[in-house]
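Geometric and topological summary
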Amino acid sequence: AEEVMHPDDTIDIMLEAAPKALGTYEVNCLGWNIGEQLSVRQSVKKQGPLLQRTQQQRADGTRGIDHSLRFEVVPAQPLLGVVFDGVSAEVLQGQLLRATLVLRNMGAAPARDIFLKLSEPSFIFMLNSPDLT
């Protein structure tokens, strides 16, 4: 998106990265164009945290390595969302409550070998189809 900055303006610009391969990446330079005549590249270096482990580090103001601009691209993973549909806040003792457990994979990889573990399994009956009575 093209942004115009007037004198004394401040704007926030959202940067996005779409890595195409697995691995560790680090942002160390940004580039942009000012009109068609000028391309700018700016090194991005951030100071790491002040090290406090030894007296020498505290006295010298020694800083560690900043990792805030480093990220790891990992293989796609499943991301399951769980919703109980039809559950009410109160149920009478002995009342049969019918609810549907809805699992949705919002991730980028298939979810396999899904197990359902319940804290009170003796109170739950599972039906494979909502048509079963």
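Residues numbered from 1 in each chain as written. Predicted model: local features only at pLDDT ≥ 70, side-chain atom pairs only at ≥ 80, totals over all residues. Heavy atoms only, no water.

This part covers the overall build of the chain. From N to C terminus, the chain includes one helix and six strands. Taken from N to C terminus, the helices and strands of the chain fall in the order β-β-β-α-β-β-β. Looking at the chain as a whole, 4% of its 133 residues qualify as buried. Carbon and sulfur atoms provide 54% of the accessible area of the chain, an area that totals close to 12800 Å². (Helix = DSSP H or I, 4+ residues; strand = E, 2+ residues; numbered from the N terminus. Buried < 20%, exposed > 50% of the residue type's maximum accessible area, 1.4 Å probe, protein only. Areas by Shrake-Rupley, 256 points an atom, 1.4 Å probe, with all protein chains shown as cover.)

What follows concerns a nonpolar patch on the surface. A surface patch of nonpolar side chains, amounting to about 900 Å² of accessible area, comprises Leu 80, Val 82, Phe 84, Val 87, Val 91, Leu 97, Leu 101, Leu 103, Ile 114, Leu 116 and Leu 118. Mapped onto the nonpolar patch, the elements with two or more residues apiece are β5 (80–85) and β6 (100–105). When residues in the nonpolar patch are grouped by element, the largest group, three residues, is from β5. Topologically, Leu 97 is positioned in the loop between β5 and β6. (Patch = residues over 30% accessible without salt bridge, like charges linked within 9 Å, V, L, I, M, F, W, Y side chains within 5 Å. Salt bridge = Lys/Arg side-chain N within 4 Å of Asp/Glu carboxyl O.)

Applying the stated criterion to the full structure yields one aromatic pair. With 5.7 Å between their ring centres and 20° between their planes, Tyr 25 and Phe 71 make a pair best called stacked. Linking Tyr 25 in strand β1 (residues 23–26) with Phe 71 in strand β4 (residues 70–73), this pair joins segments that are 46 residues apart in sequence. Owing to a relative accessible area of 29%, Tyr 25 belongs among the partly exposed residues under this scheme. (Phe/Tyr/Trp six-rings, centres within 6.5 Å; stacked < 30°, edge-to-face > 60°.)

For the structure shown, the criterion picks out one salt bridge. The salt bridge involving Glu 26 is made with Arg 70; its shortest N-O contact spans 3.2 Å. Of this pair, Glu 26 sits in strand β1 while Arg 70 sits in strand β4, and the two are 44 residues apart along the sequence. Assessed through its relative accessible area of 36%, Arg 70 is described here as partly exposed.

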